[in-house]
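Structural description and commentary
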Amino acid sequence: MACDPISRVRRFNRAVTSEVGALDTSFLGRGRPLGAARVLNSIGLGQADVASIRDYLRLDSGLMSRLLRSLEDEGLIETVPNPQDARRRVARLTETGRSEFQAYEALSNAQAKSFLARHRRPEELLQAMDIVASSLGRDQIVLEEQDPRHEHASYCLSEYYGELARRFEKGFDVSLSRDPDARDMIRPRGAFLVAMSDGLPIGCVGLKGSGGEIAEIKRLWVAPSARGLGLATRLMTEAETIARELSVKLLRLDTNSALAEAQQLYRGTGWEEIDRFNDDPYPDTFFEKRLS
C-alpha cells in the first residue's frame, strides 16, 4: 500500500536526511560534511574523551580516526593522551575550533527556528520530534543523581505538578501537598534522579529519606514523549537500588486513583497496597515495598 507503515518511515527518513544536510559535502555551508561537524559539536559541548564521543555518535573506530585527523589538519582540534589513562585520548578545541563551533551553533539555531516557522502548529511539531528523539535515543537515556533544586530537576517537577493539575478532578496546588524538603532527597538522607536524553530532562523520581530504615518514593514523572519505553520502571529500580545503599528496609509511596498507569506499575513490580500513612489531601491510594 502507498501509505503503509514502512513507506511512511522511509519517507520520514528521506525528508530528514535531506533537510538536515546529511547528504551534503558542506554541512551548513562550512566546508565539511555532517560527520566532521558532529564531532566538532560534541567536543565544543564539553565531551573530551575520544572513545566516549565515538560511542555517543555511534561511529566505528576507523571513521572516527579519519574525522579527528581531518579536524586536526584544519587546526580546529588537538588530541592528547588522557592524563588519568594514557591508553585513552582526549580532544579539545583550538581557538580557531571554538570560533568554528560558535559559527555552527548560530547556523544550527537559525535552521531550527526555520523548521518551526514552517508549521502552523509548532508545538505539535515539537511534540512529534520529541517522541521520535526519545524512541531513537532510548539506549542512550541516562539516569543522573541531581540536587532537586537543579534546573533540570525543577523543570521535571514543574511539568509533573502541571500534569497533576490537569488530571486531578479538583486540580493540584503544590503548596497544599506534603512537598518533600530538598534536603530529604539528597544523600545521605535520600536522592533525586533525573532521566537525561541527549542533554534534555525527560523524567524524574525522588527518594525521600530521614536517615532511618523507612523512606518514601516521591514525584515519579516521565515526559509524555518518553512513555512506553520502560523509563518509569528504570527510575523506580534505580531508586530502590539507592535505598538499599542507604540501608533503607521499607519503602512507601502514595498516589491518586486518577493515575491508573502509575498504580499498574506499582502493583506489577512488587508493591502492596496499605492503609493511609499521611494526611496529604491529594493521594487516595497507598503502597509499600520491603527491600531484601
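Going by the structure above, here's the rest.
To keep things clear, this report deals only with the structure shown in the data block. (Residues numbered from 1 in each chain as written. Predicted model: local features only at pLDDT ≥ 70, side-chain atom pairs only at ≥ 80, totals over all residues. Heavy atoms only, no water.)

Focus: the layout of surface pockets
Computed from the structure, the second largest pocket encloses a volume of approximately 620 Å³. Lining the second largest pocket are 33 residues, with Leu-220, Trp-221, Leu-259, Ala-262 and Tyr-266 positioned closest to its centre. Taken together, the elements giving at least two residues each to the lining of the second largest pocket come down to α7 (151-167), β6 (214-222), α8 (231-245), β7 (250-255) and α9 (260-268). A total of six residues in the lining of the second largest pocket trace back to one element, the largest contributor, which is β6. Here the lining of the second largest pocket is composed, by residue class, of 19 nonpolar, six polar and eight charged. (1 Å grid on protein atoms, 1.4 Å probe; cavity = no way out; pocket = protein on both sides within 12 Å on 5 of 7 lines; lining within 4 Å. Points joined across faces, edges and corners; volume = space filled by probe spheres on them. Helix = DSSP H or I, 4+ residues; strand = E, 2+ residues; numbered from the N terminus. Nonpolar A, V, L, I, M, F, W, Y, C, P; charged D, E, K, R; others polar.)

Quick notes on the side chain of Glu-100
Mapped onto the elements, Glu-100 comes out in helix α5 (residues 95-117). Excluding residues within four positions of it along the chain, Glu-100 makes contact with Arg-30, Arg-32, Leu-40 and Leu-76. (Contact = heavy atoms within 4.5 Å.)

Thoughts on empty space enclosed by the protein
According to the stated counting rule, one finds one cavity of 30 Å³ or more in the structure shown. In this model, the largest cavity occupies a volume close to 30 Å³. Forming the boundary of the largest cavity are Pro-188, Arg-189, Gly-209, Ser-210, Gly-211, Gly-212, Ile-214, Leu-246 and Val-248. Looking at side-chain class alone, the lining of the largest cavity contains four nonpolar, four polar and one charged residues.

Comments concerning the packing of aromatic side chains
Per the counting criterion, the structure on display carries nine aromatic pairs. Aromatic side chains Phe-168 and Phe-172 sit 6.1 Å apart centroid to centroid with 80° between the ring planes, which places their arrangement in the edge-to-face category. Comparing Phe-168 with Phe-172, the two get one shared label, buried. Plain terms: the ring middles of Tyr-266 and Trp-271 are 6.2 Å apart, the flat faces sit at 55° to each other, and that makes the pair tilted. On the basis of relative accessibility, which here comes to 6%, the residue Tyr-266 falls in the buried class. Trp-271 gets classed as buried once you look at its relative accessible area, which sits at 4%. Members of the aromatic cluster, each reached through a chain of ring pairs, are Tyr-160, Tyr-161, Phe-168, Phe-172 and Tyr-282. When the ring centre of Phe-277 is taken as origin, the NZ or CZ atom of Arg-252, which lies over that ring, is 5.6 Å away. (Phe/Tyr/Trp six-rings, centres within 6.5 Å; stacked < 30°, edge-to-face > 60°. Buried < 20%, exposed > 50% of the residue type's maximum accessible area, 1.4 Å probe, protein only. Lys NZ or Arg CZ within 6 Å of the ring centre and 35° of its normal.)

As for the pattern of salt bridges
For the coordinates displayed, the defined rule picks out 25 salt bridges. A salt bridge links Asp-184 to Arg-189, with the nearest nitrogen and oxygen atoms 2.9 Å apart. The closest approach of N and O atoms between Lys-289 and Glu-240, which form a salt bridge, is 3.0 Å. Linking Lys-289 in strand β9 (residues 285-290) with Glu-240 in helix α8, this pair joins segments that are 49 residues apart in sequence. Taking the relative accessible area as the measure of exposure, Lys-289 reaches 14% and is therefore buried. The class of Glu-240 is buried, set by a relative accessible area of 8%. One salt-bridge network, in which partners are shared between bridges, spans Arg-30, Arg-32, Glu-74 and Glu-100. (Salt bridge = Lys/Arg side-chain N within 4 Å of Asp/Glu carboxyl O.)

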